[in-house]
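Given next are the chains, with one letter for each unit.
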Amino acid sequence: MGTVQSFRALCDRPKNTNVRISLPAVCFVWQIAMIILFGVFIRYNPESDAHWQDYRKQNNISSNIENDFYYRYPSFQDVHVMIFVGFGFLMTFLKRYSFGAVGFNFLVAAFAIQWALLMQGWFHSLDYTDGKIKIGVENLINADFCAASCLIAYGAVLGKVSPVQLLVMTLFEVTLYAVEEYIILNLIHAKDAGGSMVIHTFGAYFGLTISWMLYRPNLDQSSRLQGSVYHSDVFAMIGTLFLWMFWPSFNSAISEHGDGQHRAAINTYLSLAASVLTAAAISSVCQKHGKLDMVHIQNSTLAGGVAVGTAAEFMLMPYGSLIVGFCCGIISTLGYVFLTPLLEKHLKIHDTCGIHNLHAMPGVLGGIVGAVTAACATDSVYSAEGLTAMFNPNGYFESVIPSKQGGLQAAGLCVALCFGVGGGIIVGFILRLPIWGDPADENCYDDETYWEVPEDEESIPPILQYNNHMRNKDLIQFQHGAAQSIDLDLD
Amino acid sequence: MGTVQSFRALCDRPKNTNVRISLPAVCFVWQIAMIILFGVFIRYNPESDAHWQDYRKQNNISSNIENDFYYRYPSFQDVHVMIFVGFGFLMTFLKRYSFGAVGFNFLVAAFAIQWALLMQGWFHSLDYTDGKIKIGVENLINADFCAASCLIAYGAVLGKVSPVQLLVMTLFEVTLYAVEEYIILNLIHAKDAGGSMVIHTFGAYFGLTISWMLYRPNLDQSSRLQGSVYHSDVFAMIGTLFLWMFWPSFNSAISEHGDGQHRAAINTYLSLAASVLTAAAISSVCQKHGKLDMVHIQNSTLAGGVAVGTAAEFMLMPYGSLIVGFCCGIISTLGYVFLTPLLEKHLKIHDTCGIHNLHAMPGVLGGIVGAVTAACATDSVYSAEGLTAMFNPNGYFESVIPSKQGGLQAAGLCVALCFGVGGGIIVGFILRLPIWGDPADENCYDDETYWEVPEDEESIPPILQYNNHMRNKDLIQFQHGAAQSIDLDLD
Amino acid sequence: MGTVQSFRALCDRPKNTNVRISLPAVCFVWQIAMIILFGVFIRYNPESDAHWQDYRKQNNISSNIENDFYYRYPSFQDVHVMIFVGFGFLMTFLKRYSFGAVGFNFLVAAFAIQWALLMQGWFHSLDYTDGKIKIGVENLINADFCAASCLIAYGAVLGKVSPVQLLVMTLFEVTLYAVEEYIILNLIHAKDAGGSMVIHTFGAYFGLTISWMLYRPNLDQSSRLQGSVYHSDVFAMIGTLFLWMFWPSFNSAISEHGDGQHRAAINTYLSLAASVLTAAAISSVCQKHGKLDMVHIQNSTLAGGVAVGTAAEFMLMPYGSLIVGFCCGIISTLGYVFLTPLLEKHLKIHDTCGIHNLHAMPGVLGGIVGAVTAACATDSVYSAEGLTAMFNPNGYFESVIPSKQGGLQAAGLCVALCFGVGGGIIVGFILRLPIWGDPADENCYDDETYWEVPEDEESIPPILQYNNHMRNKDLIQFQHGAAQSIDLDLD
C-alpha cells in the first residue's frame, strides 16, 4: 500500500480538465487504427456476403429465411437498445450529469463495438484459410455484449472520470474481455449464454477495482450533485424499463436456434418478474415510513436478469427462474441499503451506480446457479440429443458428464473474477496517470466540466440569475439571507 | 344505495398510508405462492423444451425457424414495450405522480404476468396427460395482454389508490380476466385477436366501476396536483408513441401465422393513422382559439388501435380500417371534452386517465365492428379455406355460418361488459376496506405519499426552500405576501 | 427576385394563428378523401389476403414463415420507431417547442403514410388486372420512408410554420416524392436501399428551399426561445439514440432477402459507430475549452447512417463503411460549426435543426459513395449471380455493366437534387400565401401559439407567478429590479 500511497501523491496535482487536444487525438488515432485493421482483417461471412446464393446451393440451404440474420436480428436490435438507451438512460439519474451519462455511454459503446469486433474476431471468427475475420449478425451481438461489460464498469466511476480516461479504460477492458471470454468459453468450455460471468461479473469487478484505484477521499466536495432530482429519476426509468423489457432478448440472443432461444427468453422473463416484487418489498421494509426508493426500483428489479444469464438456456424450469429472481431482488436491494455505504467507508470503493449490487453479486450468483444447474443435468430432462446439443455442441468431449460440466462452470466464474480484479488493478494504475484530464473533486458529477451546458433560464429563479457567478456555500448563505430579508418585510 | 352509504361511512376513517408492513407482506406472500404454484404446475412446452429436436423429428418439422418463437417473438417484445413503457409513461402526465405512474405500473404488471400465466394456463394450456401447464412464447404474450387489462383499470384510479390496493385489485382482475377470456374465446367461440372486448372493454369497465366504488367527494383538495406540467406532458408522449407504434404488433401478436398476422398489422396501422388526424381536428375545433390539447393527442390518437382489435385479422379492408380509426378519433376526443366531466358530475365516476374515452367506448365499438365484419364474411372474400381457418380453426362447428358468428361476437361483447361491471362492484367492495393504506383526499396524486422523493433543489426557488414546511394555502398566501413586499420595494 | 420581394410584401400582413377552422377542415377533408381513395384503390396483396393458403399452394411455398411479413416486420417496426419517436424527439431540443416537435411530427407522419400508400401504390404496386393497389408490409415500410422525407423537411422549418402549412407541405412533398422515387428507381434503375438520395437528399433540399422561401428577416425577435434547456437536450437524446440504433433496420428494411438485408445492417452499424467518434472529436476541437456540444452529439453522430444508405447493400466492405462514417462525422460537425451560420447570413436559409449538415451533405455524399461503389463492382466480389441479383433483379438490362450502373446512380442523385430544389420553390410559393395561420416572428418556437400549455407552476418562482402577465423585456427589467431591491435589503 505504501507504493500506492506515494503514487497517489504523485498524481494529486491540480487538475486540468481541458480535453481539447487529448480527446480528439484519441478519437482520431483510434478510429483511423480501426479503419486500417478492419481493412486488413475484416470481411463478410458467408451469410452476409454476396456469394450467399452460391453458398446456399453448396450447403443445400432451402430458403433465405434460414440465414442467421432472421434468427438473430430482432434480438440483436433489442440488445442494441439495451446498450445505448438502457445503460445510457439508467445512468441519467444524477441531477446534473445526464449529458455525461448518455453521451459518454454513447461514445464508449461506439468505440467498444468496433474494437470488440476485432478482438473477438481474432479469437472466434478467424478464417484460417485466408487469415480474415468473417463477420455476421452474431458478431455484432457479441460486440454489443462486450460493450455492455464496459458500460457496467463505467457505472462504478460515473461522474468521476474524463472521457479520455473512459476511452483508455474501454480499450483495455475490451482487450481483457476478449481474452477472458476465450478462456471461459473455448478453453474451459463453460457455457454462459447471458454472460452472468463473462459480462457481468468481469465488468463489475473490473469497474469496482478501478473505482478503488481512483478513490477520491474528498469527494464530498461535490456531494450537492450526487443525488437525483424528480425528472432525472423519471429519465432513469426509461433506461431501467428498456433494460428490463429486452433482457429476455439479451439472454437468448446467442443461444442455440430453436428451443435454446425460446427457453432462455422464458426463463429471463420470469426471473425478472420475480425480482420486481422482492425489490419493491425490501425497498419498502427498509424505509422508516415504508416508502419506496427509486434507486432500488431502477436497479434491483434488473438483478434477476443478471443472475439468470448463465442458466437461461439450461432446463432451469420456470419455478427455478422465479427462485433466482426472488433471491436476487432481495440481495440486490439489501446491497444498496447496507453494503454500498460499507464498501465506501471500509474498502474505499465508491460505486456511483451501485454496480456491486446490480451486476457483481447477481453475476456471481448467476455463475453459481449455472454451475449447479449444469451439474444436475440429466438425460431424462434434456434428452440425450438435447444434452449433447447444450453442453457439447462441437464435440469437445467424448461424452457429457454433468458433474464435470458443473466444475467447469465454477472454474469459469473464478477466471472472470480474477480477470476483473487483476485487470482493474493494472488499468487503474494507468488511469491514475495525471494526463487524462480527470475532474477535480469539486467538479465531479457536473456536466459543466466536459459539456457546453445551456443556460437553464426557466428553472433558475431571477434572484439567482442575477447572481449566477456565486457558487456553493456563497449561494446557500445568500439564499438564507434573501429569505430572511423577505421574512422581515412580511412582519 | 343505503348500504353503500353506511359502508362508506365505516370506511371513512383517518388514513394511514404507511405500507411498510402490508406492501412487503403482500409481495412476499404472493411471490412465494407463485414459486410454489409454478413448481407444481408449470413446465416448458414442446417448442421451448430441450426435447424439441426429438419433437421436430416426430412431427416432421423441417427447420428450427418453424419454432413458434420466430413467428411471435418480435411481436411479443413490442407488446412487452407497450405494457411497461407504453402504459407506464402514458400515465406520467400528472405533475407529481410520475414515480407512481411508472413504478406502480411496473409492479402491477410484473405481478399480473405471473398470475396470468397460471390462470390462463389452467384454462388454455393444461396438458391433461400430466396435469401440467406447458408454456411458450404465446403464453407470455397472453400474460402481457392480461397485464394490459389490469393497467387499463389502473388508469381510472391513478393517483387515488395505494400500491397494496393495486396488487389486490390485480389479483382479482387477472382471475376474472382468465374466466371471461375462457368464456368468450372457448365457450362462445368469438374471435378477439386484439382484445377489443376481452382486454379493453372488460378492463375499462372494471376500472371505471372500481373508481365509482371508491368515489372521493372531496378530491378537489388535491386539485392543485391534478394537472400536468410541460415536461410531464412530454414524458407522457413517450408512452403514447410506443403504444401507437407497436399497436400493430399487439393486434397481430396471436393471430394466425401467415396472412392473419400480416393483415392484422396492416389494418391496425391504418386505423391508428386515421385516428391521429381526427383526434387533432376535434381537439382543435373544441378549443376557443383552435389550440390543440395534449390530453387528446396523448390518448385519442390511440383509439383506432383499440377499436380495430377484434376485427384486425378479419378482411376488414384497408378503407374499413380507416373508417374505424376515423370514427374513434372523433368519439374519443369528444368523450374527453364532454363526457368525462359529466361522468364525474352525474355518475360520480372519476376517471383520472380518461379510460372511458380511450378504452371503454372504442372497445365496445371494436366489438360491434367485429360482429358486423364477421357477419358479413363470405366465401369469395375469404376463400373457403380462409373462412374455416379464421372462424373455425379447431373444428368447433360443422360449417361456418357468418351471421351466426356475428351473433357470437355480440354475445362475447356482452360477457365482457358484464364481467367488467360485475367484477368491479365486488372487487370495489373489497378495496374499500380500510386496511389497504390508501391516501387521504389531500394526498392524492402526490408521489410523496409512497415514494422517497428527492429534494428538487433546482426548480424550487430559494424563498420556498427556506419555507418548505409550509404547504398549500399557507404557501400561496406566503407567495402573495412575498411578492407584495417586493412590489413595495420596487416603488 | 423582384417578384419574390413584392410577393413577400403582399404576404407580410398581421398574423392570425387561430387554426380552429382551417386545421380541422384540412384534417377532415383529407381523411375523408383518403377513405374514399382507399375504398376505390387499395386491397391486400396475396401475402396479407385471406386467400394466402391458396396462393401458397399455387406457388409451391413450403411454409407460412416464407410470408414476407416474417422477413420484414421486425425491420418495419424499427423504422416505425425512427419515424415517430426518433424524428419526433430529436426535434424536442428547443426549450418551449417540445409539444410542437413531437406532436406535429406525429400529425404529419400519420397523414404522410396514408397519402404515400396511395401515391407509391399507383407507381409501384398497381395490379393491372383489376386496377387495384395491393399492399403488404413492404408498402408500409416505403410509406414510412416517405414520411421520413417529410419530417426531414420539417426539421428545416421547425417552429416557424403552422400545422396547416405543414400538412399542405406534406401533401405536396409526398406527391413529389413518389414521382421522384419512380424516376430514380424504376426509370433510371438506380439502387437506393437506404434512401441517401431518394429520402435524404430530396427531403433536405426540399426543406431548405422552403425555409429560404419563407425566410423571416426579423426572427431574432424570438431568439430567447431558439436555444435548448438541460432537460430538452436529454429528451432530444431519446430521438438521437432511437434513430442511431435502428438505422441498420432502416437501411436493410427493403433490401434483398438473405445476404442483402444482412450486409446492409452490418455496413450501417459500422458506419454509424465511426461517426460517433469523429463527431465527438470535431465537436471538442472546435470549442475553446474542448467541451462537447450536445447539438453535434445529437445530430452528427447520425450522419454515417445517412451516407451509407445507398451503398449499404453493396459490397462496400466493413472498412469502407467505417471510412464513410469517419468522413461524415467530420463533415457534418464542421457544417454545424461553420456552415449553418453562413447559410443563414449569406443565403438567407434558416435551418432550425441543421438538416443541411445531417441530411443534405451526407445524403449527397451517400449518393456519390453509391455511384463509386456500383462502378467498382466486379464479378469476383459479387459472384455472377450476386451481381445480377443486386443490379439487375428484374432483368432490365441484358447484362450488368458496373461503370454504367455508376453513371445511373449519379443521374439518380441529380434527379433528387432537382426535385428537392425545384419542388421546394413551387411549394414555398404556395406556403407563403397568408391563409395558413403561420406564427408572427415573435411567436416562433413557442408552443403557446398552437397548444394549450399547462401552467408550469413548479418551475416558475412565486414572484413571477404573481406577475405572469408580464412578458419578455418587462420581465427582465422586473427581475433585475427585484434582485436589486433584495440586494438593498441585504446591506
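See the structure shown above.
Residues numbered from 1 in each chain as written. Chains lettered and ligands numbered in written order. Predicted model: local features only at pLDDT ≥ 70, side-chain atom pairs only at ≥ 80, totals over all residues. Heavy atoms only, no water.

## Here we look at the overall build of chain A
Next up, step 1: Across its full length, chain A carries 19 helices and 5 strands.
Next up, step 2: Taken as a whole, chain A presents about 15200 Å² of accessible surface, with 60% of it coming from carbon and sulfur. (Helix = DSSP H or I, 4+ residues; strand = E, 2+ residues; numbered from the N terminus. Areas by Shrake-Rupley, 256 points an atom, 1.4 Å probe, with all protein chains shown as cover.)

## Topic: the interface of chain C and chain B
Next up, step 1: Contact residues are listed per partner, giving 89 residues for chain C and 86 residues for chain B.
Next up, step 2: Both sides together, the interface formed by chain C and chain B hides about 7700 Å², and carbon and sulfur atoms give 72% of it.
Next up, step 3: Linking chain C to chain B there are 1 salt bridge.
Next up, step 4: Where E385 of chain B meets K57 of chain C, a salt bridge forms, and the shortest distance between an N and an O atom there is 2.8 Å.
Next up, step 5: Inspection of the chain C/chain B interface yields 30 residue pairs in polar contact (both at pLDDT 80 or more).
Next up, step 6: Sheet topology note: the strand β4 (residues 292-293) of chain B/strand β5 (residues 451-452) of chain C ladder contains 2 bridges and is parallel. Residue L292 of chain B lies in a different strand from β5 of chain C, and its bridge partner there is W451 of chain C. (Contact = heavy atoms within 4.5 Å. Buried area = accessible area lost by both parts, 1.4 Å probe. Salt bridge = Lys/Arg side-chain N within 4 Å of Asp/Glu carboxyl O. Polar contact = N/O pair within 3.5 Å; in protein donor to acceptor, adjacent residues only side chain to side chain. Pairing = 2+ DSSP bridges.)

## Looking at the sheet that holds strand β3 (residues 132-135) of chain A
The strands making up a sheet are joined through hydrogen bonds of the backbone, oriented either antiparallel or parallel.
Residues and elements named next belong to chain A.
Next up, step 1: Ordered by their spatial adjacency, 3 strands build an open sheet running β1-β3-β2, and the pairing between neighbours is mixed. The two strands at the open ends of the sheet, each matched to only one other strand, are β1 (42-44) and β2 (126-127).
Next up, step 2: Packed onto the sheet, helix α5 (residues 98-124) meets β1, β2 and β3 and runs at close to 105° relative to β3. (Axes fitted to C-alpha atoms, helices over the stretch in contact; angles between N-to-C directions.)

## What to know about the interface of chain C and chain A
Next up, step 1: At the interface, 86 residues of chain C touch 89 residues of chain A.
Next up, step 2: Between chain C and chain A, the buried area comes to about 7700 Å², and carbon and sulfur atoms account for 72% of it.
Next up, step 3: Among the residues chain C hides against chain A, the three largest losses belong to Y230, Y269 and L277 of chain C. Together they make up 12% of the total.
Next up, step 4: Across the chain C-chain A interface, the total number found is 1 salt bridge.
Next up, step 5: On the surface where chain C and chain A come into contact, there are 28 residue pairs in polar contact (both at pLDDT 80 or more).
Next up, step 6: Here the side of chain C that touches chain A takes 19 residues from helix α10 (residues 259-285) of chain C, the largest share from any one element.
Next up, step 7: Across the side of chain C that touches chain A, the residue classes tally to 49 nonpolar, 23 polar and 14 charged. (Nonpolar A, V, L, I, M, F, W, Y, C, P; charged D, E, K, R; others polar.)

## Focus on helix α4 (residues 68-90) of chain A
All names here are of chain A.
Next up, step 1: Taking 1.5 Å of rise per residue, the 23 residues of α4 would be expected to cover 33 Å, and the 31 Å separating its terminal C-alpha atoms lies within 8% of that figure.
Next up, step 2: Of all the bends found along α4, the most pronounced is centred on M82 and spans about 35°.
Next up, step 3: Across the 23 residues of α4, 23 count as buried, placing the element largely inside the fold. (Expected span 1.5 Å × (residues − 1). Bend = angle between axes of the 7 residues up to and from the residue. Buried < 20%, exposed > 50% of the residue type's maximum accessible area, 1.4 Å probe, protein only.)

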